[in-house]
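# Chains, contacts and geometry: an overview
Read off the chains here:
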Amino acid sequence: MSSWPRFDLSLTNPDLAPVDPARRTWNWWHIASLWIGMAICIPTYTLASSLVDRGWSWQAAVGSVVLGNLVVLVPMILNSHAGTKYGIPFPVLARAPFGVLGSNVPAILRAVVACGWFGIQTWIGGFAIFKLLEVLWPGIAHLPRLLPAAVGLGTGEALCFLLFWGINVWIVLRGMESIKLLETWGSPFLLAVGAALLIWAFVRAGGWGPMLSNAAVTSAGTTADTTAGATGVWSVFGAGLSSAVAFWGTMAVSIPDFSRFARSQRDQAVGQAVGLPGTMAFFAFIGAAVTNATGVIFGQRIADPIVLLARIGGPFIVVLSMLGLSIATLTTNIAANVVAPANDFSNVAPRRIRFKTGALITAAIGILMMPWRLYNDAAAYIFGWLIGYGALLGPIAGIMIVDYFVLRRRELNVDDLYRRGGVYEYSRGINWVAMLALAAGVAPNLPGFLGAIGAIKPSPLAVSIYNWAWFVGLGVAAIVYFAGMRLSVRTAREPAHAGD
């Protein structure tokens, strides 16, 4: 890139450099298609089905998902603005509030969350392959145990997980172009599977009435969710809403990684508004309604569509559906859970870590996080995972929005984002006001998180605060950052270097 000589080479590489205006070619339909492809995935289905599995009505489960996506759409569009205007990715934009070196903190936090999602999606795809092979070779479920029991994974499941992990890595190493063919029909196939499950549930349950009745049926004979009695309906509603917001809370901070390719602000805003809420609402309804119907059909709710398909389908249906689920999961995983963390890890050492290296780091951490433990327990998935990382990412989103829209009035000095000693140097590359705001945003949610993972017994107040973790974190961090920067003599307005 011709403008590179003005940049510090320790802070840039081809993946982090601004996108030239000539390469910003995505219109609103391209962005909407990206979101439709990412939103139609099994975790979208289980986002609502897990709530129903815990005793929620299907209306409450779907309602929380719809409202949550409308809420998260706001920071999504706001944080997209700088990416579209200046062509810069998330870790570079984060240098404005956090400093040219301090930006590594939010970047790594975001990357670790993406590693977890990479692992979860890889586990889903691997489990689909396992169920496929189990139909063709039942013995795979009874292979001698090779891993310690504490790992919680059978040999057949582990082999299929590693197989699907290897496919993901192979595609990443070949480059993003190699997945285009799969993307054209992977997500539509998953949508077709969801629609088929909805029709099956309608027929087997005896129509919409029995299917959508909120009978007092529980999962696998357990009692229904009693959280409402312990912490209040408002707190329970907050937990559902927070988990729905946190579901895309990752993209709400790293969306500049994609929006920097948009042609205009209108394209990025309209594309996201068209592609995200409606798709999430439709697929979440399928997940909630089908899970609700399984309580009528089987006497217990089955929240996992892979387990459900394996139970109801013949050999041909199982093979076809599991193959399709694996491919659809693959396309979502590459788009949503590799691009952002690869850029985040690259931001730590741009000269040593390029996109492919960052992707390999993501894949390795995804295994170490044992994603099957995060995903297979509905309570751990919602309260330990979704709400837990929302407590980290909400404060980052609040700081970035206040910094860009309130303090800097949408004006950045792009050159100084890529060099030491500029306006984003702060104190040796770190803005301690942003660090303080981040810590302040996380702190109120920490007792509730420790309670959610079983480390302590939290107070009812801590639980109530934690159930609104994303909102609490965003609000506290935004207020602390604004006040701190107003009091700081380092606050400055920069001249704009690029326009829409």
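Residues numbered from 1 in each chain as written. Predicted model: local features only at pLDDT ≥ 70, side-chain atom pairs only at ≥ 80, totals over all residues. Heavy atoms only, no water.

### Some remarks on the overall build of the protein
- Counting its secondary structure elements, the protein contains 27 helices and zero strands.
- Within the protein, the fraction of its 500 residues that count as buried is 58%.
- If you take every contact in the protein between residues at least 6 apart in sequence, the share linking residues at least 24 apart comes to 84%.
- For the protein, the accessible surface area stands at approximately 19,000 Å², while carbon and sulfur atoms represent 68% of it. (Helix = DSSP H or I, 4+ residues; strand = E, 2+ residues; numbered from the N terminus. Buried < 20%, exposed > 50% of the residue type's maximum accessible area, 1.4 Å probe, protein only. Contact = heavy atoms within 4.5 Å. Areas by Shrake-Rupley, 256 points an atom, 1.4 Å probe, with all protein chains shown as cover.)

### As for the packing of aromatic side chains
- Summed over the entire model, instances satisfying the criterion amount to 23 aromatic pairs.
- Residues Trp-123 and Trp-372 carry aromatic rings whose centres are separated by 6.1 Å and whose planes lie at 55 degrees to one another, so their mutual orientation is tilted. With Trp-123 in helix H6 (residues 104-136) and Trp-372 in helix H21 (residues 371-376), this pair connects stretches of sequence that are 249 residues apart. Comparing Trp-123 with Trp-372 shows no difference in burial state: the two are buried.
- When the centroid spacing of 5.6 Å and the interplanar angle of 65 degrees are considered together, the rings of Trp-468 and Phe-471 count as edge-to-face.
- Taking relative accessible area as the criterion, Phe-471 reaches 25% and is therefore assigned partly exposed.
- Within the aromatic cluster, the residues linked to one another by ring pairs are Trp-35, Trp-117, Phe-247, Trp-248, Tyr-375, Tyr-381, Trp-385 and Tyr-389.
- Its end group placed over the ring of Tyr-418, Arg-95 keeps NZ or CZ at 5.5 Å from the ring centre. (Phe/Tyr/Trp six-rings, centres within 6.5 Å; stacked < 30°, edge-to-face > 60°. Lys NZ or Arg CZ within 6 Å of the ring centre and 35° of its normal.)

### Description of the layout of surface pockets
- Looking at the second largest pocket, its volume works out to about 430 Å³.
- In terms of lining residues, the second largest pocket is bounded by 21 residues, among which Asp-53, Ala-303, Asp-304, Val-307 and Asn-376 are the most central.
- Taken together, the elements giving at least two residues each to the lining of the second largest pocket come down to helix H2 (42-53), H6, helix H17 (305-312), H21 and helix H22 (378-407).
- Residue classes in the lining of the second largest pocket are distributed as nine nonpolar, six polar and six charged. (1 Å grid on protein atoms, 1.4 Å probe; cavity = no way out; pocket = protein on both sides within 12 Å on 5 of 7 lines; lining within 4 Å. Points joined across faces, edges and corners; volume = space filled by probe spheres on them. Nonpolar A, V, L, I, M, F, W, Y, C, P; charged D, E, K, R; others polar.)

### Observations concerning the packing of helix H1 (residues 28-39) against helix H15 (residues 265-275)
- The contact between H1 and H15 brings their axes to 7 Å, and the two run at 35 degrees. Remark: the crossing between H1 and H15 carries right-handed chirality. Together, Trp-28, Ile-31, Ala-32, Trp-35 and Ile-36 of H1 and Asp-267, Gln-268, Val-270, Gly-271, Gln-272, Val-274 and Gly-275 of H15 make up the contact between the two elements.
- Counted by class, the contact of H1 with H15 contains seven nonpolar, four polar and one charged residues. (Axes fitted to C-alpha atoms, helices over the stretch in contact; angles between N-to-C directions. Left-handed = near helix turned anticlockwise from the far one by under 90°.)

### Structural notes on the packing of H1 against helix H18 (residues 315-337)
- Contact geometry for H1 and H18: axes closest at 8 Å, N-to-C directions at 120 degrees. Taken together, the axes of H1 and H18 are oblique relative to one another. The handedness of the crossing between H1 and H18 is left-handed. The residues of H18 that touch H1, namely those facing Leu-34, Gly-37 and Met-38, are Thr-332, Ala-335 and Ala-336.
- Looking at the contact of H1 with H18 residue by residue, the classes come out as four nonpolar, two polar and no charged. (Parallel < 35°, antiparallel > 145°, perpendicular 65-115°, else oblique.)

### With respect to empty space enclosed by the protein
- Under the defined criterion, the tally for this structure stands at five cavities of 30 Å³ or more.
- By volume, the largest cavity is sized at about 100 Å³.
- Lining the largest cavity, in full, are Met-38, Cys-41, Pro-43, Trp-117, Gln-121, Phe-247, Trp-248, Thr-250, Met-251, Thr-332, Ala-336 and Asn-337.
- Elements supplying a minimum of two residues to the lining of the largest cavity: H6, helix H13 (249-254) and H18.
- In terms of residue count, the dominant contributor to the lining of the largest cavity is H18 (three residues).
- Its residues assigned to classes, the lining of the largest cavity shows eight nonpolar, four polar and no charged.

### As for a nonpolar patch on the surface
- A cluster of nonpolar side chains, Ile-199, Phe-202, Val-203 and Trp-208, forms an exposed patch at the surface whose accessible area comes to about 410 Å².
- Per element, the largest residue contribution to the nonpolar patch is three residues, and it comes from helix H9 (residues 186-205).
- Tracing the backbone through its elements, the reader meets Ile-199 in helix H9. (Patch = residues over 30% accessible without salt bridge, like charges linked within 9 Å, V, L, I, M, F, W, Y side chains within 5 Å. Salt bridge = Lys/Arg side-chain N within 4 Å of Asp/Glu carboxyl O.)

### Quick word on the environment of Ala-252
- On the secondary structure map, Ala-252 appears in helix H13.
- Here the alpha-carbon distance between Ala-252 and Pro-75, two residues 177 residues apart in the chain, equals 5.9 Å.
- In contact with Ala-252, not counting residues within four places along its chain, are Val-72, Pro-75, Met-76 and Asn-79.

### A look at H1
- In this model H1 runs 16 Å from its N-terminal to its C-terminal C-alpha over twelve residues, within 8% of the 16 Å that 1.5 Å per residue would give.
- Backbone nitrogen of Trp-29 and a side-chain oxygen of the N-cap are separated by 3.0 Å at the start of H1; the cap is Asn-27. (Expected span 1.5 Å × (residues − 1). Polar contact = N/O pair within 3.5 Å; in protein donor to acceptor, adjacent residues only side chain to side chain.)

### Structural notes on the pattern of salt bridges
- A full pass over the atoms with the stated rule returns six salt bridges.
- In this structure, the salt-bridge partner of Asp-403 is Arg-408, at a minimum N-O distance of 2.8 Å. Here the two residues Asp-403 and Arg-408 agree in accessibility, since each one is buried.
- Residue Arg-419 pairs with Asp-416 through a salt bridge whose shortest N-O separation is 2.6 Å.
- Residue Arg-419 is classed as partly exposed on the basis of its relative accessible area, which comes to 32%.
- Owing to a relative accessible area of 5%, Asp-416 belongs among the buried residues under this scheme.

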